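The residues making up each chain are set out below.
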Amino acid sequence: MPETGRYTLMELMICATAHLLEDGKTALIGTGAPLAAAMLAQKTHALNLIILFEAGAMAPILEKLPISVAGSSTQTHALVHSSMDDIMESCQRGMVDYSFLGGAQIDQFGNLNSTMIGADYARPKVRLPGSGGANDLASLCWQTVTIIPHTRRKFVPRVDFITTPGYLNGPGAREAAGLPANTGPYRVLSTLGIMGFDPASKRMTVLSIHPGVTRQDIIDNTGFEMLFAADLAVTSEPSDAELRILREQVDPTGMVLSKTMKE
Amino acid sequence: MPETGRYTLMELMICATAHLLEDGKTALIGTGAPLAAAMLAQKTHALNLIILFEAGAMAPILEKLPISVAGSSTQTHALVHSSMDDIMESCQRGMVDYSFLGGAQIDQFGNLNSTMIGADYARPKVRLPGSGGANDLASLCWQTVTIIPHTRRKFVPRVDFITTPGYLNGPGAREAAGLPANTGPYRVLSTLGIMGFDPASKRMTVLSIHPGVTRQDIIDNTGFEMLFAADLAVTSEPSDAELRILREQVDPTGMVLSKTMKE
Amino acid sequence: MVEPGGELFQSPDVEAARAFFRTKSRAMTDKRMTVPEAVKRFVHDGDYLAIGGFGSVRIPTAALHEIVRRRYRNLGFCGHSSTHDFQILADGGVLDRCDISYIVGLEMRGLSPHGRRLVESGALRTTEWSNAGLGWRYKAAAMGLPFLPARVMLGTDTERFSAAREITDPFTGQKLLAVPALFPDVAIIHVHQADIYGNAQIEGIHIVDRDLARAAKRLLITCERIIPTEEFRRHPERTTLPYWLVDAVCEVPGGSYPAEMPFEYTSDEPHLAAWVAAEKDETSLQAFLERQIFTTRDFAGYLALNGGEARLAELRAAEPLQRPEPRG
Amino acid sequence: MVEPGGELFQSPDVEAARAFFRTKSRAMTDKRMTVPEAVKRFVHDGDYLAIGGFGSVRIPTAALHEIVRRRYRNLGFCGHSSTHDFQILADGGVLDRCDISYIVGLEMRGLSPHGRRLVESGALRTTEWSNAGLGWRYKAAAMGLPFLPARVMLGTDTERFSAAREITDPFTGQKLLAVPALFPDVAIIHVHQADIYGNAQIEGIHIVDRDLARAAKRLLITCERIIPTEEFRRHPERTTLPYWLVDAVCEVPGGSYPAEMPFEYTSDEPHLAAWVAAEKDETSLQAFLERQIFTTRDFAGYLALNGGEARLAELRAAEPLQRPEPRG
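Report follows, based on the coordinates. (Residues numbered from 1 in each chain as written. Chains lettered and ligands numbered in written order. Predicted model: local features only at pLDDT ≥ 70, side-chain atom pairs only at ≥ 80, totals over all residues. Heavy atoms only, no water.)

### Things to note about the overall build of chain A
Right, on to step 1. Within chain A, the secondary structure is distributed over seven helices and 14 strands.
Right, on to step 2. Scaling as 2.2 N^0.38, a compact globule of 263 residues should have a C-alpha radius of gyration of about 18 Å, and chain A matches this with 18 Å.
Right, on to step 3. Across the 263 residues that make up chain A, the buried fraction comes to 68%.
Right, on to step 4. Considering only contacts within chain A whose residues lie at least 6 apart along the sequence, 65% involve residues at least 24 apart.
Right, on to step 5. Accessible surface, chain A: about 8700 Å² in total, of which carbon and sulfur atoms supply 52%. (Helix = DSSP H or I, 4+ residues; strand = E, 2+ residues; numbered from the N terminus. Rg over C-alpha atoms; globule rule 2.2 N^0.38 Å. Buried < 20%, exposed > 50% of the residue type's maximum accessible area, 1.4 Å probe, protein only. Contact = heavy atoms within 4.5 Å. Areas by Shrake-Rupley, 256 points an atom, 1.4 Å probe, with all protein chains shown as cover.)

The following block contains the structure:
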């Protein structure tokens, strides 16, 4: 889809992410696009969405998009200046509804790799940061949403390293591993569409395709066999009101909006 | 020893307790006589003794003797208003040097009972409070000091219930139970003398006898075979300076000093 | 290996707890209600109850009295550093089981005669713990864990009559005690300030209330005063409890009376002594409860009966802790 | 059952830790010293080092530079949410092993080229963790426990390349991960205020620094300013670290630069970008380090080289968080 016209791909994805967030829920959010989506949701349909940052800020009123999940910008007008252990323990107790993830690779079960590219852990071709809080949030929060560019290099048959658990090797695997019940990847928002996971097989399934994208585009850019929902939809486009709030209030400096979702 | 003359038995015991406390150490202290001893120590030889209360007050400057270990009087001018878990975890980590205990019964290994008198747990003859923090402090602090009236009803062959661990059933028993190494009862301050524990047998051993008390008095008032140190001493008497500070500064209202150590 | 002998009153199952917490409302709604409303709505016969504070310090007296006034039955109770709070519930006859680290005792104020009778008669099912052990049970629950390791209670009868179990550290082989998570059905905590949504500030030491508030399935707050939410956003480092933990907010000035409230008022020692004296036998106790609780409509009535605002003013004047001056 | 594959760099033996903490001085002495003095006295080759803050937020830059300036060798490092702090130490070549939950990455600022080269070359022995898993390792140590149970990392390669072990809950049979206690040999934390004895206040979020400070055997504090002990006694609810945890106190205004310090100053983005750019190859990196660290005598020299007080004033003006007004 060309980055021209009424909205950009980034704007489409941020608005689509915002639509996933219900009011009065708790959301553990990092920096970048997910945070823009959460701020947009707060300014539209989810006034009392509770934003939590893994480093310890609880329910802030954000004035600008933070660079660091521990920075001052995550703490403005917060209800609590707490700590990472309090946040992570709230997730482990079952009090946190949403979290957002990214990664270098994702497989059909939603497993994510942000640790290394290559075959040998001791001598990686590319060393990446590691889990950070991603493994924790994907293990403990009720619904995790991954935002990731849609290419064959990222949507792979097998991730080089399972940093963060999706459904591992399929149905029942999370429970067998000891992870909390009824958790796991909820949605994958890519540059081509919105994916969920088949309840029975836990395999990634396209729920909606972005405007101008074809089913074949998705097949061509996915390294594993992608499933498609019977009632395949087209991703709803951002309203003018959403775009105005996003551009004027959420990210006036274009910190996130100016970025593209390409690697 | 008659409660007449230059000082009372309570004053003797409080001063003797104060002499056990070194400067620059941490002491977990409850209410009553031990606290009076700690305050006396702070005003004499141990200016920087760090007083901790199990409910969460750290390093207060005490204005009056508290009624509750969680009360306002434990928190005056404290360096930290913390919590019980922080205090107990400091003990478990090995940061707390002294603690003070009492009880209804004590045996030759320093095991204490503050839970029940009787043979049947489900139908006790007398129900007592239970451990409170006593079991924790006796398990975790480096040196525990017990202050207790010296009678056959209290110094018994076998306590009805081991609420709080002394040396359990003898040498090696604490370590075998999983309790921290090199901990255990340090001193027992009674109304008749000061006892320690034989390094080899871990049995209670009289180190010093209070002025006017005889070895026979101790034998007659102890329900088990008490050992006596070869170099048996006489408990040092309070100095006039100590008595003045105790009466004028530590406990001017006589909250503790007016009490007797009889049951 | 000591076999666990004590009864485990609450399940430490974290999956069941997570399923409950998933459904617990996080909505930012006005949660103010009267104490009778809050108790009626959130406390049920048979519930396992936990109380914040420290027995004679910062306790939710109004809610405790209301539970007795409504003649609840078969409540479980967490006897962690409990003194006057246990005394009220035990005297009211609402308890049938109790985890014990400290009950019956009243610290420097002696023992509760009726508390003794209740346990000595065998009318209360009990399980033993230590203060740290029981506190860490709250912390395990707050952390979403089925247990926490600990190095207390080991080798004693306190362990033998507890429901803890011995485990081995997988790294060093160290023997440890596992204390099971404790998720109370309902907890009631008295705090200094709260807003209408349940954000709360506790001043002075917190004892175990941070962990208790997070461990409890339902949480009732009574507070000295309601303050604007803006105060919490101005001092987020002072927020003890965020609103999404809290189910009800009841404004009860003097609400810890006759127990002390740090920075507010000291304890009413003569009244506490009278309470102990009234427990000398069943007849005098029932007469005392009739007068103090059953015939008073609510906490205001109880306070008025015992000197009211005038008495509270005396206790405020005697409070040793002063609020810190504004920061430079 | 996944067998532990990663190297465990520090022993979780609580008996050894207790023996150390027993001898740690609790004396209330004046602990002020210069950063070079503090580093020289308390950091040794081969030590396992942990840093407070969050990589580009509230880091002890002066101490990190001094460690590089003195060309320490074979240090272990706890890579918990580490960005610029890891960058300084990795570029300085002082590390030979690292627990990793987050390194090399710079959050929104990309990746550290030299950090990548260091790990990809195999020059650094590494073990994987998650942020919570590694944070709970500090908490286990702070609690005096050899491990804490956790429900993270399970089933992943992060677990497979960690040194954690799987255990079973003795009450419910739930499978859990045991993360071993982490007692760093030395920790360095930058704080807002401290007194001469080491009592310290951190403003805003604490991240994992409460637990880290308690877990560390030796603790160095750098602070924006020294304040009177009386301030701590007036606001005991604000004391983050009591003095008996602390071995050295260094007053370093602007001490987190170029990282941000909440309530004080924001980060110097151009300087941080220049640092990343300088890492493009070994030659440019060595020239950069020579100029920024090896030829500057101390932190003041480094600050002066990069704009000094004038630059710091700009960053102070750009700080989003304002100190709360005095309480009513």
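There's more to say after this.
### Remarks on the side chain of D251 of chain B
Residue and element names in this part refer to chain B.
Right, on to step 1. One can find D251 in the segment after α7 (240-250).
Right, on to step 2. The buried charged residue D251 lacks any salt bridge partner; its closest oppositely charged side chain belongs to K259, at an N-O distance of 8.1 Å.
Right, on to step 3. With sequence-adjacent residues up to four places away left out, D251 is seen in contact with L65, L246, V256 and L257. (Lys, Arg positive; Asp, Glu negative; His and termini not counted. Salt bridge = Lys/Arg side-chain N within 4 Å of Asp/Glu carboxyl O.)

### Notes on the side chain of S56 of chain D
Right, on to step 1. Among the structural elements, S56 of chain D can be located in the loop between β1 (48-51) and α3 (61-69).
Right, on to step 2. A residue is classified by how much of its surface remains accessible, and S56 of chain D, at 2% relative accessible area, is buried.
Right, on to step 3. Here S56 of chain D is in contact with S68 of chain A together with T83, E107, R109, A259 and E260 of chain D, once residues within four sequence places are set aside.

### Quick word on the relation of the copies chain C and chain D
Right, on to step 1. In screw terms, the move from chain C to chain D is a rotation of 180° and a rise of 0.0 Å along the axis, fitting with an RMSD of 0.0 Å. Viewed as a symmetry operation, the transformation between the two copies matches a two-fold axis.
Right, on to step 2. Interface overlap between copies is the fraction of interface residues in one copy that are interface residues in the other; for chain C against chain D it reaches 100%, indicating a shared surface. (Least-squares fit on C-alpha atoms with pLDDT ≥ 70 in both.)

### Considering the interface of chain C and chain D
Right, on to step 1. Listed by partner, the interface residues are 40 residues for chain C and 40 residues for chain D.
Right, on to step 2. Across the interface of chain C and chain D, roughly 3400 Å² is buried in total on both sides, 66% from carbon and sulfur atoms.
Right, on to step 3. In this assembly, chain C and chain D are joined by two salt bridges.
Right, on to step 4. Across the chain C-chain D interface, the total number found is two residue pairs in polar contact (both at pLDDT 80 or more).
Right, on to step 5. For the side of chain C that touches chain D, the per-class residue count stands at 22 nonpolar, four polar and 14 charged. (Buried area = accessible area lost by both parts, 1.4 Å probe. Polar contact = N/O pair within 3.5 Å; in protein donor to acceptor, adjacent residues only side chain to side chain. Nonpolar A, V, L, I, M, F, W, Y, C, P; charged D, E, K, R; others polar.)

### Observations regarding unusual backbone geometry
Right, on to step 1. The step from Y257 of chain C to P258 of chain C runs through a cis peptide bond, and the omega angle for that step is 5°.
Right, on to step 2. One can find P258 of chain C in the loop between β11 (248-251) and α10 (269-278).
Right, on to step 3. Of note, A59 of chain B is a non-glycine position whose phi angle comes to about 50°, a positive value.
Right, on to step 4. By the element assignment, A59 of chain B lies in the loop between β3 (57-58) and β4 (80-81).
Right, on to step 5. Positive phi is not limited to glycine here, since N74 of chain C has a value of about 55°.

### Some points on the sheet that holds strand β7 (residues 175-180) of chain C
Residue and element names in this part refer to chain C.
Right, on to step 1. Taken in spatial order, the three strands line up as β5-β7-β6 in an open sheet, and their pairing is antiparallel. Each edge of the open sheet carries a strand with a single partner, namely β5 (147-150) and β6 (165-168). Strand after strand, the sheet turns through a mean of 40° between neighbouring axes, direction not considered.
Right, on to step 2. By the bridge criterion, four bridges tie β6 to β7 in an arrangement that is antiparallel. The partner of I167 across the bridge, within β7, is L176.
Right, on to step 3. Contacts between helix α6 (residues 131-142) and the sheet are confined to β5 and β7, with β5 contributing the most and set at about 145° to the helix. (Pairing = 2+ DSSP bridges. Axes fitted to C-alpha atoms, helices over the stretch in contact; angles between N-to-C directions.)

### Some thoughts on the packing of helix α3 (residues 84-93) of chain A against helix α1 (residues 14-23) of chain C
Right, on to step 1. Viewed as axis vectors pointing N to C, α3 of chain A and α1 of chain C meet at an angle of 100°, and their least axial separation amounts to 8 Å. Taken together, the axes of α3 of chain A and α1 of chain C lie roughly perpendicular to each other. Within the contact between the two elements, α3 of chain A uses C91, Q92 and R93 of chain A and α1 of chain C uses A17, R18 and F21 of chain C.
Right, on to step 2. Among the residues making up the contact of α3 of chain A with α1 of chain C, the classes are represented as three nonpolar, one polar and two charged. (Parallel < 35°, antiparallel > 145°, perpendicular 65-115°, else oblique.)

### Thoughts on the interface of chain A and chain D
Right, on to step 1. Every contact between the two is made by 54 residues of chain A and, on the other side, 55 residues of chain D.
Right, on to step 2. Summing both partners gives a buried area of about 4200 Å² for chain A against chain D, and 58% of it is carried by carbon and sulfur.
Right, on to step 3. Summed over the three residues of chain A that lose the most area to chain D, namely Y121, R127 and P129 of chain A, the buried surface amounts to 16% of that side.
Right, on to step 4. If you look at where chain A meets chain D, you find three salt bridges.
Right, on to step 5. D85 of chain A is the partner of K139 of chain D in a salt bridge, and the nearest nitrogen-oxygen pair spans 2.9 Å.
Right, on to step 6. Seen at the junction of chain A and chain D, the total is 32 residue pairs in polar contact (both at pLDDT 80 or more).
Right, on to step 7. Of all the elements in the fold, those that place two or more residues in the side of chain A that touches chain D are α3, β9 (126-127), α4 (134-140) and α5 (173-177) of chain A.
Right, on to step 8. Broken down by element, the side of chain A that touches chain D gets its largest block of residues, five residues, from α3 of chain A.

### Side note on the environment of A59 of chain A
Right, on to step 1. Classification of A59 of chain A by relative accessible area gives buried; the value is 8%.
Right, on to step 2. As for A59 of chain A and A78 of chain A, which are separated by 19 residues in sequence, their C-alpha atoms are 5.2 Å apart.
Right, on to step 3. The residues touching A59 of chain A, leaving out its near neighbours within four places in the chain, are I50, I51, L52, H77, A78 and L79 of chain A together with R233 and W244 of chain C.

### Section: the pattern of salt bridges
Right, on to step 1. For the structure shown, the criterion picks out 70 salt bridges over all chains.
Right, on to step 2. Close ionic contact of E128 of chain C with R127 of chain B constitutes a salt bridge, the shortest N to O distance being 2.8 Å. Taken together, the positions of E128 of chain C in strand β4 (residues 125-128) and R127 of chain B in strand β9 (residues 126-127) put the pair across two chains. The burial state of E128 of chain C is the same as that of R127 of chain B; both residues are buried.
Right, on to step 3. The salt bridge partner of E203 of chain C is R238 of chain C, with a shortest N-O separation of 3.2 Å. In this pair, E203 of chain C sits in the loop between β9 (200-201) and α8 (209-215) while R238 of chain C sits in the loop between α9 (229-234) and β11, placing the two residues 35 residues apart along the sequence. Accessibility classification places E203 of chain C together with R238 of chain C in one group, the buried group.
Right, on to step 4. Residues participating in the shared-partner salt-bridge network are E203, R225, R238, E264, R316 and R323 of chain C.

### Focus on the packing of aromatic side chains
Right, on to step 1. Enumeration over the complete set of coordinates arrives at 26 aromatic pairs over all chains.
Right, on to step 2. Each member of the aromatic cluster is reached from another via a ring pair, and the members are Y121 and F161 of chain A together with F161 of chain D.
Right, on to step 3. Here the guanidinium or amino end of R18 of chain C rests over the ring plane of W142 of chain A, the centre of that ring lying 4.3 Å away.
Right, on to step 4. Of note, R71 of chain C hangs over the ring of F294 of chain C, and the distance from its end group to the ring centre comes to 3.7 Å. (Phe/Tyr/Trp six-rings, centres within 6.5 Å; stacked < 30°, edge-to-face > 60°. Lys NZ or Arg CZ within 6 Å of the ring centre and 35° of its normal.)

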